[in-house]
Amino acid sequence: MSALLRPANGAADAAAFNALRRVVTPYQVFSAERILHFWAVTPARAYAKVLVAEVDGRIVAAGRAGFKTWTSEQGAASLFVMVHPDHRRQGLGAQLYAALEAHVAEHDARKIQIWGTDDEDVAGFLERRGYGRTAELRYSKLDLTDVAKLPPVPATPDGVALVSAREAGPEALYSVDAATVVDEPGDTAMDAVSYEDWYAEIWQNPATDHDSSVVVLADGVPAAYTLVEMDREGGRMWSGGTGTLRSHRGRGLAKLAKADAVRRAAAAGVTAAYASNDEVNQPMLAVNEWLGYQPCAVQYSYVRTL
């Protein structure tokens, strides 16, 4: 097959990129605006490269590679490739992968992480290139067409208040997000989240819903949060993160935050909520299961050291 590989550029490519993601990974929630914003604000030190493959003027495959900028680990890179089902087994994925791997290797990558399924097309491809499976990620979906079916919101403890992210402000949301993301399971610790990067990527993200995202205050101090990202056109939300400061865990604050956030999102027109959790993150899985989230897909982390 004759395909043109070129760098992604501009709103039209972001829209095509998003349309392809909806076909390949419908359990992930993105929008063209969110993708275009992410491309624009990714720091230069990430050495990010986004490629698309065109066949007869239509984008049928795409991929991205770059370095993780929220970690102190040197040389930690990520890479992914997606190919439309109608164009698989024709070498497009291999071409994209080779170009993207060469790009991060050129910039001294020491470790590359790829998320993918366990079918032969993905797992076999990666295993033949030296990748090993390290973690399992569960994707879950919650039907929000009838909020009455949700479990009752837990009682709010004394001294605790729930406010929107808009009311709390970016500094409050950042303080709990950056402090708790360090404890999330993963192959690379997210232990170096600068406020400037976070503000550009998260707070200014056009998908971030500041009214549905929730900050839990304990005696007036931010103690827990839930971040909501929305695909407003599709009526879907994504849980961009939920966490509680170590000093406030065991009080049900994460459950309280998420129960409130999904109701706020439903009131804003969301009919389906999606989330992903590492299978070892039992506390967060328990919260989602209590809310009624149902498993809808699985991905695995594949890692190769260079």
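Basis of the calculations
Residues numbered from 1 in each chain as written. Predicted model: local features only at pLDDT ≥ 70, side-chain atom pairs only at ≥ 80, totals over all residues. Heavy atoms only, no water. Buried < 20%, exposed > 50% of the residue type's maximum accessible area, 1.4 Å probe, protein only. Helix = DSSP H or I, 4+ residues; strand = E, 2+ residues; numbered from the N terminus. Arc of directions from axis to C-beta. Contact = heavy atoms within 4.5 Å. 1 Å grid on protein atoms, 1.4 Å probe; cavity = no way out; pocket = protein on both sides within 12 Å on 5 of 7 lines; lining within 4 Å. Points joined across faces, edges and corners; volume = space filled by probe spheres on them. Nonpolar A, V, L, I, M, F, W, Y, C, P; charged D, E, K, R; others polar. Salt bridge = Lys/Arg side-chain N within 4 Å of Asp/Glu carboxyl O. Pairing = 2+ DSSP bridges. Axes fitted to C-alpha atoms, helices over the stretch in contact; angles between N-to-C directions. Parallel < 35°, antiparallel > 145°, perpendicular 65-115°, else oblique. Left-handed = near helix turned anticlockwise from the far one by under 90°.

Engineer: Help me out: how do you make sense of helix α9 (residues 282-291) in this one?
Structural biologist: Residue pairs three or four apart in sequence face the same way in an α-helix, which turns once every 3.6 residues. For α9, the full list of buried residues reads Met-284, Leu-285, Val-287, Asn-288 and Leu-291. Here the buried residues of α9 occupy an arc of 155° about the axis, which is enough to place them on one side. In this structure, the buried side of α9 is in contact with β6 (132-143), β10 (236-244), α8 (253-267) and β11 (272-278).

Engineer: Just to check I follow, could you spell out helix α2 (residues 32-41) for this structure?
Structural biologist: Buried within α2 we find Ala-32, Arg-34, Ile-35, His-37 and Trp-39. On the buried face of α2, the contacting elements are α1 (10-24), β2 (49-55), α7 (195-203) and β9 (221-231).

Engineer: How should I be thinking about the layout of surface pockets in this particular structure?
Structural biologist: Over the atoms, a rolled probe matching the size of one water molecule traces out where space is still vacant. Its volume calculated, the second largest pocket comes out at about 230 Å³. Arg-45, Tyr-47, Phe-67, Lys-68, Thr-69, Thr-71, Glu-73, Gln-74, Gly-75, Ala-76, His-107 and Asp-108 together form the lining of the second largest pocket. Residues that form the lining of the second largest pocket fall into these classes: three nonpolar, five polar and four charged.

Engineer: Looking at this model, I keep getting lost on the pattern of salt bridges. Mind explaining?
Structural biologist: Any two side chains of opposite charge can pair if their charged atoms end up close together. Taken as a whole and judged by the stated rule, the model has 17 salt bridges. Between Lys-111 and Glu-73 there is a salt bridge, with its nearest N and O atoms 3.1 Å apart. Of this pair, Lys-111 sits in strand β5 (residues 111-116) while Glu-73 sits in the loop between β3 (58-67) and β4 (76-83); the two residues are 38 residues apart in sequence, bridging distant segments of the chain. You can call Glu-73 partly exposed: its relative accessible area is 32%. Taken together, the shared-partner salt bridges in this structure form one network comprising Arg-6, Asp-13 and Glu-54.

Engineer: How do you make sense of the sheet that holds strand β1 (residues 4-7) when you look at a structure like this?
Structural biologist: Through backbone hydrogen bonds, the strands of a sheet pair up, either in parallel or in antiparallel fashion. Taken in spatial order, the twelve strands line up as β1-β2-β3-β4-β5-β12-β6-β11-β10-β9-β8-β7 in an open sheet, and their pairing is mixed. Of all the strands in the sheet, just β1 and β7 (160-164) have a single pairing partner and so form its edges. This sheet shows a mean twist of 25° between the axes of neighbouring strands, independent of strand direction. Across seven bridges, the pairing between β2 and β3 is antiparallel. Counterpart to Ala-53 in the pairing with β3 is Ala-61. Contacting β1, β2, β3, β4, β5 and β12 (294-305), helix α3 (residues 92-106) crosses the sheet at an angle of about 25° to β3. Strand contacts of α9: β6, β10 and β11, with the helix running at about 155° to β11, the strand carrying the most contacts.

Engineer: I tried to follow the packing of α1 against α2 on my own but got confused; where do I start?
Structural biologist: In helix packing, the relevant descriptors are the interaxial angle and the interaxial distance, both defined with respect to the helix axes. Two elements in contact, α1 and α2, have axes whose closest approach is 8 Å; the angle formed by their N-to-C orientations is 120°. One way to sum up the angle between α1 and α2 is to call them oblique. Both α1 and α2 take part in a crossing whose hand is right-handed. Residues Gly-10, Ala-11, Asp-13, Ala-14, Ala-15, Phe-17, Asn-18 and Arg-21 of α1 pack against Ala-32, Ile-35, Leu-36 and Trp-39 of α2.

Engineer: It is not clear to me how empty space enclosed by the protein should be interpreted in this structure. Could you clarify?
Structural biologist: Counting across every chain of the model gives one cavity of 30 Å³ or more. Put simply, the largest cavity is a space of about 40 Å³. When residues in the lining of the largest cavity are grouped by element, the largest group, three residues, is from β9. Its residues assigned to classes, the lining of the largest cavity shows five nonpolar, one polar and three charged.

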